[in-house]
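Each chain, written out:
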Amino acid sequence: MNILTKAFTVLMLLIAASLFSTAQAKQSVPWVIYFYLVGSDLESSSLEDGGGSATRDLVEIAESAAGSNVKFLVLTGGAGQWHNDVVSSKKNQMFEVTGGDLKLLKEWPQANMGDSSTLARFLKTGESLYQPEHRMIIFWDHGGGPTGGVGYDENFNSDFLKLSEITAAFKNVYSQNSTPFEIIGFDACLMGSMSSAYHMLGWGHVMIASEESEPSLGWNYTKWLNALEKKPQMSLRELSKNIVDTYVEACDENDSGGAVTLSAVNLDAFPELAIAYNEFGVGVLDAVSEDEDYVTQIERAANKVQNFGLKNKDEGQYSDVVDLGAMVNGISFFASDEAKTLEKALKKFVVYNRTGPYITGTGVSVYYPVGKGRDNFNFVTSNGLNTPMNLIYGLQLNTLNEKGFSNMADNIEKVDNYLRKMQEMTSPYAATYVDNYTSTATAPRHQEDEVSSGRQSSGSLMASITQNASQMTTSSATSQNTSKDNIAKLEDIAISFDKDNNAFVDIPKDIMKSISQVEMVMLLYEFPSEEMKDGILITLGSDVQREIDWEKGRITDSVNGKWAAMDGHPLPITVANESDDYVTYDCHVKINGILHNMTIVFNYETQKYSILGIARLNENGVPDRNSRKLKPGDKITTVFGVQTLTGDDEEVNADIDTFEYTKDTKIEDTDLGESNVLYAFTFSDAYGNSSQSEIVALTIDDQNELSVEKFSDIIKKYEENGGASDSNDDGDAGDDDDDEEKENDEDEGDDEE
């Protein structure tokens, strides 16, 4: 053997030894947890503005006992700045949490965390290191629910992972005939939806996510990681309960638990729930095909169930998600048998669920067009779970013609067939796996292939609905025109008052059937003066503390000249959510000069207000996930919409009152004092049309006595007086001028004599 042959042989042996060594390094462990950490502005914002949230959670994770039985792998990125000396904002870095520290395993040039390939590379690298018995993956950042995604990378124009991009990454890494993850978690807002569960189906056994927005503190990692490290064999039910409970407890300790939600759901039981929801939707469609007012009845129910996320009327920004269980219960009269079946399936689906005292949630949310925006509808129907209820919403939004209706129905049929196939696979172990990790089958993969394959559907679910496509689209167009005309008839409708100053409006039955929501609005006004040349109009806000008799057509409100105020300072509040037990409001204020949204709740039973949470508003008026508490000494400035009374300008936001928060500060209904108040009802229908009643003026004197007059009459008097308001002060001033002029005349007469 010559020297070249010997050298080559030695080289091959060294390479073989190296490969053998690498293979041996793939360690078997009980658990590997993948943590996809997109820092975004939750991290990069200044600490004073609530930034550093990702760093705080990394500290929680590092302080846990994880490291032996639980290997915790982190991929970082997506933030322009990190509030620690370990993570770089210029690279994607992969760390392992061990011994209380972050150990850097690998780093890459900065890549988009909103790209499926970045997630896939992270998972492949982790799979090359460990052979876990159990896997979990957690997505950390902002979440957009069914009308968005998760992981908004601020280094790449806030690009995010769509749910379909997450499953594409999974498909790139894992076998098509296995369920790689025990738990798929979203430490992000609004991800506890039917759409999320649909996409995660087959990739995980349990999904943990929140129906509502999460506060910036997020999950409490230390406690549940300690428990899992100590007892790696704990069941998925026990582990899920640990994660949910520690999160809610941490929120309570931080005074941000009033409106939190977090639930663990059984993805193996999702097909049964989704099929039940499809059948319920078909039942509703069958029931309403002859009922032109069905959309109004559905909208009324939606107004009374829990809405999650954004509901910003001024900016036209809505998350468009409601609680599934409450929504179905609210319209169960359309298809009562199907509703009962769905309720049973929902109980099987939800493993564990907790909510705060001022929010309701049964564990999973679903799309509903709260804001009547077509863009959200198009996103959901293109990227989420398509259901028969979406056909109703498409007609409601006037986005479906007969052909579009039929095409969507065909897609729904294919999705339903896929779900039934998955149910056959998962049903043998759906009820037991969360308790004992035992399964009797492997689930095939996956909806993208099944639904888009063009495979002919059986036609059993949607057959009757498709046959009625022409009739339903025509009927919907007629209903929309009728409703629009009815709402228009309510413009300037008269408000009456009884002897106790209760305001009421009586509406004919044929018009009442088009109304889905009624709110009251209140404003303050002053006529032009030397100080205010064009006068001023200040919008106090809206309220729903009124009584509606849908059958008789009477709407009643008790008018008492009071408004919600903090330490006597009126607050700008608008209705966010309404239920039978409480109403929540959005309130825009500046705290130490920075604009925030303060979420306030009024409890009907206790008749008291509380602050649920405070979040900074970005430049688009959207509350971010960074949350804070008020501290004694904080300077609060109320921000109201204002415009001139007699000018033609548009409303602008203006700082009105600034005061200091103290430990004794409270919110309560307070007399507006000697004020000029405008009051009106607003009426809305299910299609986005609205009208306003006549405006009445409520004059409150220094004895807090209330007098009522049509504002149009007051304006008429004002104009007849040549632009002088008909007030006592102005009258006295005029008398003084006359007396002074008379005295001058008399003096002149004396001089002449």
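Our structure's up above, just so we're on the same page.
What you see as residue numbers is a count from 1 along each chain, following the sequence as written. Only residues with pLDDT of at least 70 get local features here, since the model is predicted, and only at 80 or more are side-chain atom pairs given and counted; chain-wide, interface and lining totals rely on the full set of residues. Side-chain descriptors were evaluated using all non-hydrogen atoms of the structure, hydrogens and water having been removed beforehand.

Sorry if this is basic, but what is going on with the pairing of strand β2 (residues 70–77) here?
The two faces of the sheet receive side chains in turn, since in a regular strand these alternate between them. Most of β2 is tucked away, with eight of its eight residues classed as buried. Each residue gets one of three labels from its accessible area relative to the maximum for its type: buried under 20%, exposed over 50%, partly exposed in between, using a 1.4 Å probe on protein chains only. For helices the rule is a DSSP run of H or I covering at least 4 residues; for strands it is a run of E covering at least 2, with both sets numbered from the N terminus onward. Here β2 shows no split at all, with V70, F72, V74 and T76 on one side and K71, L73, L75 and G77 on the other all buried. In this description, strands pair whenever DSSP reports at least two bridges between them. The sheet contact formed by strand β1 (residues 27–38) and β2 spans eight bridges and is parallel. Counterpart to V38 in the pairing with β2 is G77. Pairing of β2 with strand β3 (residues 91–98), which is carried by five bridges, proceeds in the antiparallel orientation. Its bridge partner lying in β3, T76 is registered against Q93.

What is the right way to read the sheet that holds strand β23 (residues 562–566) from this model?
Strand order in the open sheet formed by three strands is β24-β23-β32, with antiparallel pairing between adjacent strands. One side of each edge strand has no neighbouring strand; the edge strands of this open sheet are β24 (569–570) and β32 (667–671). Relative to β24, β23 runs antiparallel, the two being bridged by two bridges. Residue pairing across strands places A565 opposite P570, the latter belonging to β24.

Would you mind showing me how to read the pairing of strand β19 (residues 517–526) here?
Of all 10 residues making up β19, nine are buried, and the element is well covered by its neighbours. Across seven bridges, the pairing between β19 and strand β20 (residues 536–543) is antiparallel. Paired with M520 across the strands is D543, a residue of β20.

I'm lost on the sheet that holds strand β11 (residues 307–308) in this one. Help?
Picture the strands of a sheet paired through backbone hydrogen bonds; they go either parallel or antiparallel. Spatially, three strands are ordered β11-β14-β16 in an open sheet, and the strand pairing comes out antiparallel. The open sheet has two edge strands with one neighbour each: β11 and β16 (365–367). Here strand β14 (residues 321–323) pairs with β16 via three bridges, running antiparallel. In the sheet register, D323 faces β16, and the bridge partner there is S365.

Just to check I follow, could you spell out the environment of G535 for this structure?
Looking at the element boundaries, G535 is found in the loop between β19 and β20. The buried category is assigned to G535, whose relative accessible area is 7%. Each C-alpha atom of the pair G535 and Y525 lies 7.4 Å from the other, and the pair is 10 residues apart in sequence. Setting aside chain neighbours within four positions, we find G535 in contact with E526, F527, P528, T644 and L645. Contacts are assigned to residue pairs that have any heavy atoms within 4.5 Å of one another.

I'm lost on the packing of helix α9 (residues 270–288) against helix α12 (residues 336–349) in this one. Help?
Each pair of packed helices gets described by two things: the angle between the helix axes and the distance between those axes. Think of each axis as a best-fit line through the C-alpha atoms, taken over the contacting stretch in the case of a helix, with angles from 0 to 180 degrees between the N-to-C directions. Following both chains from N to C, one finds α9 and α12 inclined at 160°, their axes separated by 9 Å at the closest point. Judged by the angle between their axes, α9 and α12 are roughly antiparallel. As for the relative orientation of α9 and α12, their crossing is left-handed in sense. In this structure, α9 uses F270, E272, L273, A276, Y277, E279, F280 and G283 to contact α12, whose residues at the interface are E338, A339, T341, L342, A345, L346, K348 and F349. Charged residues are taken to be Asp, Glu, Lys and Arg, nonpolar residues to be Ala, Val, Leu, Ile, Met, Phe, Trp, Tyr, Cys and Pro, and polar residues to be all remaining types, Gly included. For the contact of α9 with α12, the residue count by class is 10 nonpolar, two polar and four charged. Each angle gets one of four labels, with under 35 degrees taken as roughly parallel, over 145 as roughly antiparallel, 65 to 115 as roughly perpendicular, and the rest as oblique. Each crossing gets its hand from how the near helix is turned against the far one by less than a right angle, where anticlockwise is left-handed and clockwise is right-handed.

Looking at this structure, I do not really get the nonpolar core. What am I missing?
Taken as a class, soluble globular proteins show a tendency for nonpolar side chains to be buried jointly. With 100 residues, the main nonpolar core has F139, F170 and F186 as its most contacted residues. At 11 residues, the largest contribution of residues to this core is made by α9. The contacts of F139, once residues within four sequence positions are left out, are Y36, L119, V150, L161, I166, F170, I184, G185, F186, D187 and A188. Ranked by size, the runner-up nonpolar core spans 51 residues in total, among them A503, L571, Y609 and V642. We call a set of buried residues a nonpolar core when its members are Ala, Val, Leu, Ile, Met, Phe, Trp, Tyr or Cys and they connect through side-chain atoms within 4.5 Å of each other.

It is not clear to me how a negative patch on the surface should be interpreted in this structure. Could you clarify?
Among the surface-exposed residues, D534, D648, D649 and E650 lie close enough to one another that they form a single negatively charged patch. When you line up the elements, D648 lands in the loop between β30 (635–643) and β31 (652–660). Overall, D648 belongs to the exposed group, its relative accessible area being 80%. Like charges within 9 Å and nonpolar side chains (Val, Leu, Ile, Met, Phe, Trp, Tyr) within 5 Å are joined into patches, using only residues over 30% in relative accessible area that form no salt bridge. Every accessible area reported is derived by Shrake-Rupley at a probe size of 1.4 Å, with residue values counting cover from the shown protein chains alone. Only one rule defines a salt bridge in this text: a Lys or Arg side-chain nitrogen within 4 Å of an Asp or Glu carboxyl oxygen. Only four residue types enter the charge count: Lys and Arg as positive, Asp and Glu as negative, with His and the chain ends excluded. Here the site of a charge means NZ on Lys, CZ on Arg, CG on Asp, or CD on Glu.

Teacher, can you tell me more about the packing of aromatic side chains here?
Remark: the centre distance and the inter-plane angle together describe each pair of aromatic rings, the angle taken between the planes. Side-chain rings of Phe, Tyr and Trp (the six-membered ring for Trp) are treated as a pair once their centres are within 6.5 Å; stacked means planes under 30 degrees apart, edge-to-face means over 60, and tilted covers the remaining angles. Inspection of the entire model under this criterion finds 29 aromatic pairs. Arranged with centres 6.3 Å apart and planes meeting at 35°, the rings of Y36 and F122 form a pair that is tilted. Of this pair, Y36 sits in strand β1 while F122 sits in helix α4 (residues 116–129); the two residues are 86 residues apart in sequence, bridging distant segments of the chain. The buried category is assigned to F122, whose relative accessible area is 0%. Taken together, the ring pairs connect Y34, Y36, F122, F139 and F186 into an aromatic cluster.

Would you mind showing me how to read unusual backbone geometry here?
When glycine is set aside, most residues are seen to have a negative phi, and most peptide bonds are trans. Positive phi, normally seen in glycine, also occurs at D141, with a value near 160°. In this fold, D141 is placed in the loop between β5 (130–140) and β6 (150–153). Residue class for D141 comes out buried when judged on its relative accessible area of 0%.

In this structure, what is going on with the environment of A494? I would like to understand it.
Residue placement: A494 occurs in the loop between α19 (469–488) and β17 (496–497). The exposure class assigned to A494 is partly exposed, which follows from its relative accessible area of 41%. Residues A494 and E694, 200 residues apart in the sequence, show an inter-C-alpha distance of 5.6 Å. When near neighbours in sequence (up to four residues on either side) are disregarded, A494 contacts F504, V505 and E694.

I'm lost on the packing of α9 against helix α15 (residues 402–430) in this one. Help?
One way to put it is that α9 packs onto α15 with a least axis distance of 8 Å and a crossing angle of 145°. Our pair here, α9 against α15, has a crossing hand that is left-handed. Counted together, F270, P271, E272, A274, I275, N278 and E279 of α9 and D416, L419, R420, M422, Q423 and T426 of α15 form the full contact between these two elements.

What's the story with helix α5 (residues 163–173) in this structure? I'm lost.
The α-helix winds at 3.6 residues per turn, so residues separated by three or four positions along the chain end up facing the same way. When α5 is considered as a whole, its buried residues turn out to be L163, I166, T167, A169 and F170. Projected down its long axis, α5 carries its buried residues within an arc of 155°, all on one side. Here, the arc refers to the directions that run from the helix axis to the C-beta atoms.

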